[in-house]
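These are the residues of each chain, in order.
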There are 2 protein chains.
Amino acid sequence: MTNNDINYYLQENIQVWDKLDKDQKNDLIDSSMINCYQKGENLHGKESGCIGTLFVMKGRLRVYILSDEGKEITLYRLYKNESCVLSASCVLASINFDVFIDAEENTEVLMINSAVVSQVMQKNLDFECYIYKLTTERFSDVMWAMQQILFRGIDERVATVLWDASIHSDDDLITLTHETIAKDIGSAREVVSRMLKYFESEGIVTLYRKGIKIKNRKKLRAMIN
Amino acid sequence: MTNNDINYYLQENIQVWDKLDKDQKNDLIDSSMINCYQKGENLHGKESGCIGTLFVMKGRLRVYILSDEGKEITLYRLYKNESCVLSASCVLASINFDVFIDAEENTEVLMINSAVVSQVMQKNLDFECYIYKLTTERFSDVMWAMQQILFRGIDERVATVLWDASIHSDDDLITLTHETIAKDIGSAREVVSRMLKYFESEGIVTLYRKGIKIKNRKKLRAMIN
């Protein structure tokens, strides 16, 4: 990818791009890198520090927290052209928690160096405000994840995960594993497998080795709320 | 309280006050109200809509979420001179969850009308950025609460609540009820009472009708992490 391509991509995906001056634009472009990750690869963890602000150019990322005992809770997923500021949490003085980020498909990421993001934030109030706004958006996602885990029944939670995944699927075939769904809803794989068998017996899904096919969208939708 | 007093209070407590022009300052001052709430009173709920941006002038507020079945999870507390933007979530387009706010003591609140906050945010980028920053700070608090609930043992969680409360207490006497502690940690009152009795048997606290007295701070501290 040339600097021109990066310029074009950032212009399309950073809402306040026009408010940056030429030097600020060039600083962001020059410190951008394209990185590719294999499906399943971890690209941010407790020890990776502040890797930078991310944009998903292709593929899908999962952002989650991890306990000392290895329990995972999915906070949200990032799809094409979505950005993640929590991977550059060092630029946000008030964010003092660490997230983990894995590639769920082969994923291409544009990464802007966090020191440069931080510098441009200090120089340009529009850009600073933009970064804080992005963070606030994720706040809602996280609250949603938290309420799912704390308050709702397993059946509804599994149905919600399938429904959300189906929106991003062309053929109603969902390639999430039972393990992944269990992590998403903060439950055990066995519990999810049991629930999916129940869904199958109800004619809502068909279970294949390679994934879960939704057979009856209406019935699935009816399980949510 | 006169408009002059309000002016002085806002100047002290809104970091970007000097960046506002005279009209913007006057709009905020004119739309400010002082409200008093009794201990235990609810000042924001699902139906109260967008009451405004709050500053605690005296007392203490508890911010929490509530499930359909009435289960509560404490997100954070607001002490003197702390502000809450989630009570004016309508000014933040990306915040789409509702919080509940109760007074935990007799509490005096300065409340700025949310429509006016919204107007000033649109006119003044410094102020907009300031509001988003305040929101981002609470994001960290909420993540902390979430990790407490999801990942840690009951003993550690109860000890953490006592420790935090003791920081704001002059005489090591903590007036939280077992019920309140249970809500804080997302557990049942019985579980907390049992744990407190265990703490008493260990010489860490003494239990009175009116509260919990910390006897051994060092031992209490050692239970956390």
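Described in the following lines is the structure provided in the data block.

Parameters and conventions
- Residues numbered from 1 in each chain as written.
- Chains lettered and ligands numbered in written order.
- Predicted model: local features only at pLDDT ≥ 70, side-chain atom pairs only at ≥ 80, totals over all residues.
- Heavy atoms only, no water.
- Helix = DSSP H or I, 4+ residues; strand = E, 2+ residues; numbered from the N terminus.
- Rg over C-alpha atoms; globule rule 2.2 N^0.38 Å.
- Buried < 20%, exposed > 50% of the residue type's maximum accessible area, 1.4 Å probe, protein only.
- Contact = heavy atoms within 4.5 Å.
- Lys, Arg positive; Asp, Glu negative; His and termini not counted.
- Charge placed at Lys NZ, Arg CZ, Asp CG, Glu CD.
- Polar contact = N/O pair within 3.5 Å; in protein donor to acceptor, adjacent residues only side chain to side chain.
- Pairing = 2+ DSSP bridges.
- Axes fitted to C-alpha atoms, helices over the stretch in contact; angles between N-to-C directions.
- Core = buried A, V, L, I, M, F, W, Y, C linked by side-chain atoms within 4.5 Å.
- 1 Å grid on protein atoms, 1.4 Å probe; cavity = no way out; pocket = protein on both sides within 12 Å on 5 of 7 lines; lining within 4 Å.
- Points joined across faces, edges and corners; volume = space filled by probe spheres on them.
- Nonpolar A, V, L, I, M, F, W, Y, C, P; charged D, E, K, R; others polar.

A look at the overall build of chain A
- What chain A contains, in helices and strands, is eight helices and eleven strands.
- In terms of overall size, chain A behaves like a compact globule, its C-alpha atoms giving a radius of gyration of 19 Å where 225 residues would be expected to give roughly 17 Å.
- Projected onto its principal axes, the C-alpha positions of chain A cover 60 × 35 × 30 Å.
- Relative to its full complement of 225 residues, chain A shows a buried share of 54%.
- Taking the contacts inside chain A whose residues are at least 6 apart along the sequence as the reference set, 69% of them involve residues at least 24 apart.
- Separation between the mean location of the 28 positive side-chain charges and that of the 33 negative ones in chain A comes to 8 Å.

A short note on the side chain of A:R62
Residues and elements named next belong to chain A.
- Tracing the backbone shows R62 in strand β4 (residues 61–66).
- The buried category is assigned to R62, whose relative accessible area is 5%.
- Of the polar contacts made by the side chain of R62, one reaches the side chain of T74; its length is 2.7 Å.
- Beyond its immediate chain neighbours, meaning those up to four positions away, R62 contacts E72, T74, Y76, R77, F100, I101, D102, E104, K183 and D184.

Thoughts on helix α6 (residues 178–185) of chain A
- Those residues of α6(A) lying buried are A:T180, A:I181, A:A182, A:D184 and A:I185.
- Two residues or fewer after α6(A) comes A:G186, characterised by a positive phi angle close to 70°.

Thoughts on the sheet that holds β4(A)
Residue and element names in this part refer to chain A.
- Read across the open sheet, the four strands follow the order β2-β7-β4-β5; overall the sheet is antiparallel. Lying at the two open borders of the sheet, with one neighbouring strand each, are β2 (42–44) and β5 (72–78). For this sheet, the mean inter-axis angle between neighbouring strands, taken without regard to orientation, is 30°.
- The pairing of β2 with strand β7 (residues 100–103) spans two bridges and is antiparallel. Residue H44 lies in a different strand from β7, and its bridge partner there is I101.
- Sheet strands in contact with α6 are β4 and β5, and its direction is about 100° off that of β5.

So, the nonpolar core
- Counting residues in hydrophobic clusters, the biggest one holds 102 residues, and the most contacted among them are A:L10, A:F127, B:L10 and B:F127.
- Once you skip the residues sitting within four places of it in the chain, B:L10 turns out to touch B:W17, B:L28, B:I29, B:S32, B:F55, B:L110 and B:I112.

Things to note about the sheet that holds strand β9 (residues 173–174) of chain A
Residues and elements named next belong to chain A.
- An order of β9-β11-β10 is seen for the three strands of this open sheet, with the pairing classed as antiparallel. Strand pairing shows two members of the sheet lacking a second neighbour, β9 and β10 (205–207), which therefore form its edges.
- Sheet analysis places β10 next to strand β11 (residues 212–214), joined by three bridges and oriented antiparallel. Note on β11: the bridge partner recorded for T206 is K213.

Quick word on empty space enclosed by the protein
All names here are of chain A.
- The final tally for this structure, using the stated rule, is two cavities of 30 Å³ or more.
- Considered as a void within the structure, the largest cavity measures approximately 40 Å³ in volume.
- Around the largest cavity sit I14, T53, F55, I112, V117, F127, Y130, I131 and L134, which together line it.
- Where the lining of the largest cavity is concerned, the elements lending two or more residues are β3 (53–58) and α4 (125–151).
- Examining the composition of the lining of the largest cavity, we find that four residues originate from one element, α4, more than from any other.
- Its residues placed into classes, the lining of the largest cavity shows eight nonpolar, one polar and no charged.

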